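# Remarks on the overall topology
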Amino acid sequence: HKDAYQVILDGVKGGTKEKRLAAQFIPKFFKHFPELADSAINAQLDLCEDEDVSIRRQAIKELPQFATGENLPRVADILTQLLQTDDSAEFNLVNNALLSIFKMDAKGTLGGLFSQILQGEDIVRERAIKFLSTKLKTLPDEVLTKEVEELILTESKKVLEDVTGEEFVLFMKILSGLRSLQTVSGRQQLVELVAEQADLEQTFNPSDADCVDRLLQCTRQAVPLFSKNVHSTRFVTYFCEQVLPNLSSLTTPVEGLDIQLEVLKLLAEMSSFCGDMEKLETNLRKLFDKLLEYMPLPPEEAENGENAGNEEPKLQFSYVECLLYSFHQLGRKLPDFLTAKLNAEKLKDFKIRLQYFARGLQVYIRQLRLALQGKTGEALKTDENKIKVVALKITNNINVLIKDLFHIPPSYKSTVTLSWKPVQKVELGQKRTSEDTTSGSPPKKSSAGPKRDARQIYNPPSGKYSSNLSNFNYEQRGAFRGSRGGRGWGARGNRSRGRLY
């Protein structure tokens, strides 16, 4: 019956009716004519490109029937390329077909997907990566075996040699969802992968927006992986040694992002999981010096009274919360830093700054509590009150930490939940601070005019609280753009362009 099957294959060159019949019968009898396998697959592919949408859909739907033995990787490769279709019904058919052959042979299917991710057109690469990031988690454990997950990790490492920031985020989502990487050693492996991407061996260049964005993007991916068993030491060390000294000169292309606060938030989150640090005293001193920049001396300290008529210093509560928390966390590892490592004059100066800040803090906390008193439910959901709730959380945290440092000797025992992190128990009838939706670019330390936020409402004697209190959504702040030269983390423009199919 070989001749009869050849007639069916030739039907792809006929009219609409012949093509429809061919689309059904070519796959139906495919397994009986292995010697015509190439001709049959090519004929079906012609139908996948037909002008008639119904013929295309029928041909795509039947493609999994060709995925037998050595043909499967090729079918996977073809289906991956077909992801570039703009027809939503076709796109769904391609997705379903890929999932179907995934369950037949996961390794073979991955071969086709990664082949296109590494060598295919940009639109195919983009959609293949999204397919993996959304569909892998839907597959049963018997499909995603340990061997299959190892293949995903191996192939992903090849892709990660040249990715954009957005692609990197998607691959971290793919890899962190693998069961084999849920262990402590698995998480450690992921952290090392991120550290490699972050290029922590290189000298940090604060004026290079790509360099800054790469570090932030990578650190955001690393933060959820840290724990008491998976340490953040390498990242915290890099931030203390390379980033903090350059904090004021950081640049970013992301509009409305307070880059300094973003860096300080990441450092604070990582500081809780820092292990043994090689140059602890040196790095603690850098952190301490940066904290002092945001802890002003009281204006009346000037003996000649020249400052008497000047405006009081602005207290940057958001910055201080991050720096004080980081110092408190690392200070636990060297508890005699303030008493034994600083000279008496420096310690006295620090205590004066702490006292001045605490005084302004108390005034502000009282005003906030008064403003929020008796407000519950919907009343707390207004933009104005959300800002006050966040501000109260920040100031309460700073208050607890300052009290610890006022102990003789300084204590590091108190625990606080950072203001932008979710809390298990609600304090003072407050909502979670992550509901805050303030936006806009907040003023830096030297800025004079406040943006539209709680600073217009409150102006306590201690100065206005500064900096945006919004909770940055790390996942959604893709700092790299493919349009900015190559792919952001390496020019992928030179990749070979494989012919369709």
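Look above for the structure.
In short, a report on the structure. What you see is a predicted model, and the numbers here were worked out from it, not measured in a lab. (Residues numbered from 1 in each chain as written. Predicted model: local features only at pLDDT ≥ 70, side-chain atom pairs only at ≥ 80, totals over all residues. Heavy atoms only, no water.)

Looking only at helices and strands, the chain features 19 helices and zero strands. Expressed as a percentage of its 501 residues, the buried residues of the chain come to 51%. Contacts in the chain between residues far apart in sequence, at least 24 positions, make up 76% of those at least 6 positions apart. For the chain, the accessible area works out to roughly 23,500 Å², and carbon and sulfur atoms hold 48% of it. (Helix = DSSP H or I, 4+ residues; strand = E, 2+ residues; numbered from the N terminus. Buried < 20%, exposed > 50% of the residue type's maximum accessible area, 1.4 Å probe, protein only. Contact = heavy atoms within 4.5 Å. Areas by Shrake-Rupley, 256 points an atom, 1.4 Å probe, with all protein chains shown as cover.)

Here the focus is unusual backbone geometry. A cis geometry characterises the amide bond from Ile 408 onward to Pro 409, with omega recorded as -5°. Inspection of the secondary structure assignment puts Pro 409 in the segment after α19 (383–406). Its identity as a non-glycine residue notwithstanding, Asp 199 has a phi of 60°, on the positive side.

This next bit is on the side chain of Ser 133. Within the secondary structure, Ser 133 sits in helix α8 (residues 122–135). Every residue in contact with Ser 133, bar those within four places of it in the chain, is listed here: Leu 170, Lys 173 and Ile 174.

A few words now on α8. With 14 residues, α8 extends 20 Å between its outermost C-alpha atoms, agreeing within 8% with the 20 Å of an ideal straight helix rising 1.5 Å per residue. Those residues of α8 that sit buried are Val 124, Arg 125, Ala 128, Ile 129, Phe 131, Leu 132 and Ser 133. (Expected span 1.5 Å × (residues − 1).)

To continue, consider the nonpolar core. The biggest cluster of nonpolar side chains holds 146 residues, and the ones touching the most others in it are Ile 26, Phe 235 and Leu 338. Setting aside residues up to four positions removed in sequence, Leu 338 forms contacts with Phe 288, Phe 327, Leu 347, Phe 350, Leu 405, Pro 410 and Tyr 412. (Core = buried A, V, L, I, M, F, W, Y, C linked by side-chain atoms within 4.5 Å.)

Evaluated as defined, the whole model comprises 19 salt bridges. The partner of Asp 50 in a salt bridge is Lys 19, with the nearest N and O atoms 2.7 Å apart. Within this pair, whereas Asp 50 is found in the loop between α3 (37–48) and α4 (53–62), its partner Lys 19 is found in helix α2 (residues 16–28), the two being separated by 31 residues in sequence. You'll find Asp 50 and Lys 19 in the same group, each marked buried. (Salt bridge = Lys/Arg side-chain N within 4 Å of Asp/Glu carboxyl O.)

What follows deals with the packing of helix α7 (residues 106–119) against α8. As a packed pair, α7 and α8 sit with axes 8 Å apart at the nearest point and diverge in direction by 140°. Here α8 runs oblique to α7, going by the angle between their axes. Of the two possible hands of crossing, α7 and α8 adopt the one that is left-handed. Counting all contacts with α7, which are made through Leu 110, Leu 113, Phe 114, Gln 116, Ile 117 and Leu 118, the residues of α8 involved are Val 124, Arg 125, Ala 128, Ile 129, Phe 131 and Leu 132. Classifying every residue of the contact of α7 with α8 gives ten nonpolar, one polar and one charged. (Axes fitted to C-alpha atoms, helices over the stretch in contact; angles between N-to-C directions. Parallel < 35°, antiparallel > 145°, perpendicular 65-115°, else oblique. Left-handed = near helix turned anticlockwise from the far one by under 90°. Nonpolar A, V, L, I, M, F, W, Y, C, P; charged D, E, K, R; others polar.)

One pass over the full model with this rule turns up twelve aromatic pairs. Between Phe 204 and Tyr 238 the ring centres are 6.3 Å apart and the planes differ by 85°, which places this aromatic pair in the edge-to-face class. Of the two residues, Phe 204 is situated in the loop between α11 (184–198) and α12 (209–222) and Tyr 238 in helix α13 (residues 233–243); the sequence distance between them amounts to 34 residues. Like Tyr 238, Phe 204 is buried. When the centroid spacing of 4.9 Å and the interplanar angle of 65° are considered together, the rings of Phe 288 and Phe 350 count as edge-to-face. Highlighted residues: Phe 288 in helix α15 (residues 280–293) and Phe 350 in helix α18 (residues 344–372), separated in sequence by 62 residues. Taken individually, Phe 288 and Phe 350 each receive the classification buried, so the pair is uniform in this respect. Here the aromatic cluster, defined as three or more aromatic residues joined through ring pairs, consists of Phe 288, Phe 327, Phe 337 and Phe 350. (Phe/Tyr/Trp six-rings, centres within 6.5 Å; stacked < 30°, edge-to-face > 60°.)

Our next topic: the side chain of Glu 90. Along the chain, the position of Glu 90 falls in helix α6 (residues 88–104). The buried category is assigned to Glu 90, whose relative accessible area is 5%. Within the structure, Glu 90 has its side chain in polar contact with the side chain of Thr 85 (distance 3.3 Å). Apart from residues no more than four positions distant in its own chain, Glu 90 is found in contact with Val 53, Arg 56, Arg 57, Ile 60 and Thr 85. (Polar contact = N/O pair within 3.5 Å; in protein donor to acceptor, adjacent residues only side chain to side chain.)

What follows is about the packing of α15 against helix α16 (residues 317–331). Two elements in contact, α15 and α16, have axes whose closest approach is 10 Å; the angle formed by their N-to-C orientations is 155°. The angle between α15 and α16 falls in the class roughly antiparallel. The interaxial crossing formed by α15 with α16 has left-handed handedness. Together, Leu 280, Leu 284, Leu 287, Phe 288, Lys 290 and Leu 291 of α15 and Val 320, Leu 323, Leu 324, Ser 326, Phe 327, Leu 330 and Gly 331 of α16 make up the contact between the two elements. Along the lines of polarity and charge, the residues of the contact of α15 with α16 split into ten nonpolar, two polar and one charged.

Before going further, it helps to spend a moment on the environment of Gln 362. If you trace the backbone, Gln 362 turns up in helix α18. Judged by relative accessible area, which is 31%, Gln 362 ranks as partly exposed. Sequence separation between Gln 362 and Thr 395 is 33 residues, and the spatial gap between their C-alpha atoms is 8.5 Å.

Residue position: Leu 291 is located in helix α15. Distance in space between the C-alpha atoms of Leu 291 and Phe 350 is 9.8 Å, their sequence separation being 59 residues. Setting aside anything within four residues of it in sequence, one finds Leu 291 in contact with Val 320, Leu 323, Leu 324 and Phe 350.

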